[in-house]
Amino acid sequence: MSAPATTPDPPVRPGARRVEEYVLGAAIVGLGVFVLVDTASIAVPGSANAVGPRTFPYVVGALLVAAGAAVLTATALGRLGEAEDGEDVDPEAGTDWRTVVQLVAFFLAHAWLVERAGWPLALAALFAGAAWTLGARPWWRPVLIGLALGVVLQAVFATGLGLSLPPGLLEGVPILDD
Amino acid sequence: MTDAAAVLDGFAQALQPAYLLYALLGVFLGTAVGVLPGIGPAMAVALLLPLTYDLDVTAAMIVFAGIYYGGMYGGSTTSILLNTPGESASIVTALEGNRMAKTGRGAAALATAAVGSFVAGTLGTLALTLVAPVVADWAVQLGPADYVALMVVAFVTVGALLGSSVARGLASLALGLFVGLIGTDTLTGQQRFTFGVPLLADGIDVVVVAVGVFAVGEALYVASRLRHGPIEVIPVPRGWRSWMSRSDWSRSWRPWLRGTAIGFPVGTIPAGGADVSTFLSYATEKRLARHRHEFGKGAIEGVAGPEAANNAAAAGVLVPLLTLGLPTTATAAVMIAAFQTYGIQPGPLLFENQPVLVWTLVASLYIGNLMLLVFNLPLVGLWVKVLRVPRHYLYAGILSFAALGSYALNFSTVDLVLLLGIGVVGFFMRRHGYPVAPLVVGMILGPMAEEQVRRTLAISQGDLTALVTSPFAATAYGLLAVLLGLALWARRRERQASAREMAMSG
């Protein structure tokens, strides 16, 4: 492997990383506070004994607040979380936010399409979009694979498992529409 | 000798041709997902759950058992053959195995891992066969307060010991407990945290949560920092002869047995699962080795021991899972969810009520282990091909199957949106060192713990001391303190060992 021409960004820049850690810790504390407040609105029927439907949520809310506070403290003391590593994770790569946003967008498109264009086409959109985002070229190859995957899975589900995913635009096609 | 009869009954069941095929399917799928980076056994079981609704219970359990063991085998192939420079020493097998492969001894590393996994898996399953009925007999006497104690032990150990930060582990656990609260309270019928969404009244499905954090979260995270460029797989020389020489055998068999002896007990206690056992085994082998100078350059003992420990621990995890209904790892938690989908509650009564199912499951573990040994080495060429799957298709495929599995649950787009939301949470958790396993364990154990607490207090008429006065519960809380001390000690050892390793190799 040749050395890159410029020094790569560390996985997450220290300053931004710390801000993110604080935001996460605060979000956990916030969720805990919400749980504690919202628990008061859970109705307690007269028949409930000493420990009703509210007790456990109070404990969980308190645990969330405590754990979030512990994370905030650890962050303030400089003990940041260690980002997970894995076989396909490049330890030297910076975060590619554009890829993440695109993947989320294609996933939402899939959810929107399922009941409009049908499951096979929605799946093709998700697969092709995700593979293209991650670097599959030329663009038509993931599209073809995605379409094939969608149609085959639809057929397997309809004939083999007797579950009919919404065929959508392919409605009425034998095998696919059970 | 009713137990022996039940075991034989189980074998008779598992040896039926149809069930043998399901076992084969399970170990094959398990190995494939184990080989693929980015997919673990927990995620594989979660993804396949909705697709196995049509199978009968026994067949489904056999498939899951195969995936469970197969995933362990597959993982070692990846860590030995995948050449990923710069990765930290998170997988012990990679330490020695990867270096053996680089010096042309990849086949020996794969072989000692496979045979060691078989030996440890078989001995571990044998230990499970002997220990589980005894534990189950004893566990029948446990009252609700005792179960509360067991669950508290599991919460604390899983939350505090998995991952590198206690605070983040507990946050992950608390998040899981909260997700478990969403839905309708079983005792009073009140809705909690459902935000008026009808689908949430039944609670969030475990499959959506498990697939969300494991599959979608992992895919988003890896995508954000994807390693581009060619996938470097270390070539393995062909042919049977190169597998293991006589000296490889003689250097491997003791580490296999020691690894088994370390792995099984560590697996049965909730002490952080297989990782701890592999580190302990590695440290032990290094201390005992005659060829100590080879460690860090490809010592076969460093592959044989940890691989055996890993598989023995996997068998050990099944003891609390089957006899107490207590999951101590993420995979075990998803397995519990799988059992519940079929209306089966693992626990002491399982051995009384469903002996045939239990023993068929155990018998299929023996059979699956043998299949793995027989198929894995000859198929190594296939696994290498699997390893080379272009990553853009691999992660697009993971997202696609995650979407399929969640949508097929209720045919509702709400589940898809939930899945994505949980996936984004999983993404940020990975980014900042929050372990995801406590979330899944908390979500599954939380509702059970709440029910047992309320049963205890209903019996004692609100007297809180009832939670700690039973002798077993008191002992459990005492042991918890000891266990925490021991586990934190083991973890420090493990860190020191890996720090030394890094220093030596760096």
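Residues numbered from 1 in each chain as written. Chains lettered and ligands numbered in written order. Predicted model: local features only at pLDDT ≥ 70, side-chain atom pairs only at ≥ 80, totals over all residues. Heavy atoms only, no water.

Caption draft 1: A look at the overall build of chain A. What chain A contains, in helices and strands, is five helices and zero strands. Mapped from its N terminus to its C terminus, chain A presents α and β elements in the order α-α-α-α-α. Per-residue burial for chain A yields a buried fraction of 38% across its 178 residues. Of all intrachain contacts in chain A linking residues separated by at least 6 positions in sequence, the fraction that spans at least 24 positions is 58%. Just so you have it, chain A exposes about 9,000 Å², and 67% of that area is on carbon and sulfur atoms. (Helix = DSSP H or I, 4+ residues; strand = E, 2+ residues; numbered from the N terminus. Buried < 20%, exposed > 50% of the residue type's maximum accessible area, 1.4 Å probe, protein only. Contact = heavy atoms within 4.5 Å. Areas by Shrake-Rupley, 256 points an atom, 1.4 Å probe, with all protein chains shown as cover.)

Caption draft 2: View of the overall build of chain B. Broken down by element type, chain B carries 20 helices and two strands. Over its C-alpha trace chain B gives a radius of gyration of 22 Å, about what one expects of a compact globule, namely 23 Å for 506 residues. Structurally, chain B occupies a C-alpha span of about 70 × 50 × 50 Å along its principal axes. Considering chain B as a whole, with its 506 residues, one finds that 64% of them fall into the buried category. In chain B, 81% of the contacts between residues at least 6 apart in sequence involve partners at least 24 apart. Split by element, the accessible area of chain B, about 18,100 Å² in all, is 66% carbon and sulfur. (Rg over C-alpha atoms; globule rule 2.2 N^0.38 Å.)

Caption draft 3: Up close: unusual backbone geometry. Omega for the bond connecting Arg-137 of chain A with Pro-138 of chain A falls within 30 degrees of zero, at -10°, which places this linkage in the cis form. As for its position among the elements, Pro-138 of chain A is in the loop between α4 (119-133) and α5 (140-161). The phi angle at Phe-193 of chain B is positive, at roughly 50°, despite the residue not being glycine. Summarising the element assignment, Phe-193 of chain B is placed in the loop between β2 (191-192) and α8 (206-224). Among the residues examined, Phe-193 of chain B registers a relative accessible area of 3% and is labelled buried.

Caption draft 4: Expanded view of the nonpolar core. Formed by 194 residues in total, the largest nonpolar core has its most connected members in Phe-64 and Phe-214 of chain B. In terms of residue count, helix α5 (residues 92-139) of chain B provides more of this core than any other element does, 17 residues in total. Residues lining this core come from more than one domain, with at least three contributed by each of domain 1 (14-76) and domain 2 (97-170) of chain A. If sequence neighbours within four positions are ignored, Phe-64 of chain B has contacts with Val-45, Leu-49, Thr-52, Met-335, Ala-338 and Tyr-342 of chain B. In this structure, Leu-95, Tyr-282, Ala-289 and Phe-295 of chain B belong to the second largest nonpolar core, which totals seven residues. (Core = buried A, V, L, I, M, F, W, Y, C linked by side-chain atoms within 4.5 Å. Domains from an automatic or database assignment.)

Caption draft 5: Geometry of helix α4 (residues 57-81) of chain B. For α4 of chain B, with 25 residues, the first-to-last C-alpha span of 36 Å sits near the 36 Å given by 1.5 Å per residue. Counting buried positions along α4 of chain B gives 23 out of 25 residues, so the element sits mostly inside the fold. (Expected span 1.5 Å × (residues − 1).)

Caption draft 6: Representation of empty space enclosed by the protein. All names here are of chain B. Tallying each qualifying case throughout the model produces two cavities of 30 Å³ or more. In this structure, the largest cavity encloses a volume near 90 Å³. Along its surface, the largest cavity is lined by Tyr-73, Ser-76, Thr-77, Leu-110, Ala-113, Ala-114, Ser-117, Asn-376, Leu-377, Val-380 and Trp-383. Elements with a minimum of two residues in the lining of the largest cavity: α4, α5 and α15 (380-387). (1 Å grid on protein atoms, 1.4 Å probe; cavity = no way out; pocket = protein on both sides within 12 Å on 5 of 7 lines; lining within 4 Å. Points joined across faces, edges and corners; volume = space filled by probe spheres on them.)

Caption draft 7: Main features of helix α16 (residues 391-410) of chain B. Here α16 of chain B spans 30 Å end to end across 20 residues, near enough to the 28 Å set by a 1.5 Å rise per residue. The first or second residue beyond α16 of chain B is Phe-411 of chain B, which carries a positive phi of 55°.

Caption draft 8: Structural context of the UniProt feature "transmembrane region" (unreviewed entry) in chain A. The UniProt feature table records "transmembrane region" (unreviewed entry) at residues 22-44, 56-77, 119-136 and 143-165 of chain A. Between the end C-alpha atoms of residues 22-44 of chain A the distance is 36 Å, and the span holds 78% helix and 0% strand. (UniProt positions renumbered as here; feature names shortened; annotations may be inferred.)

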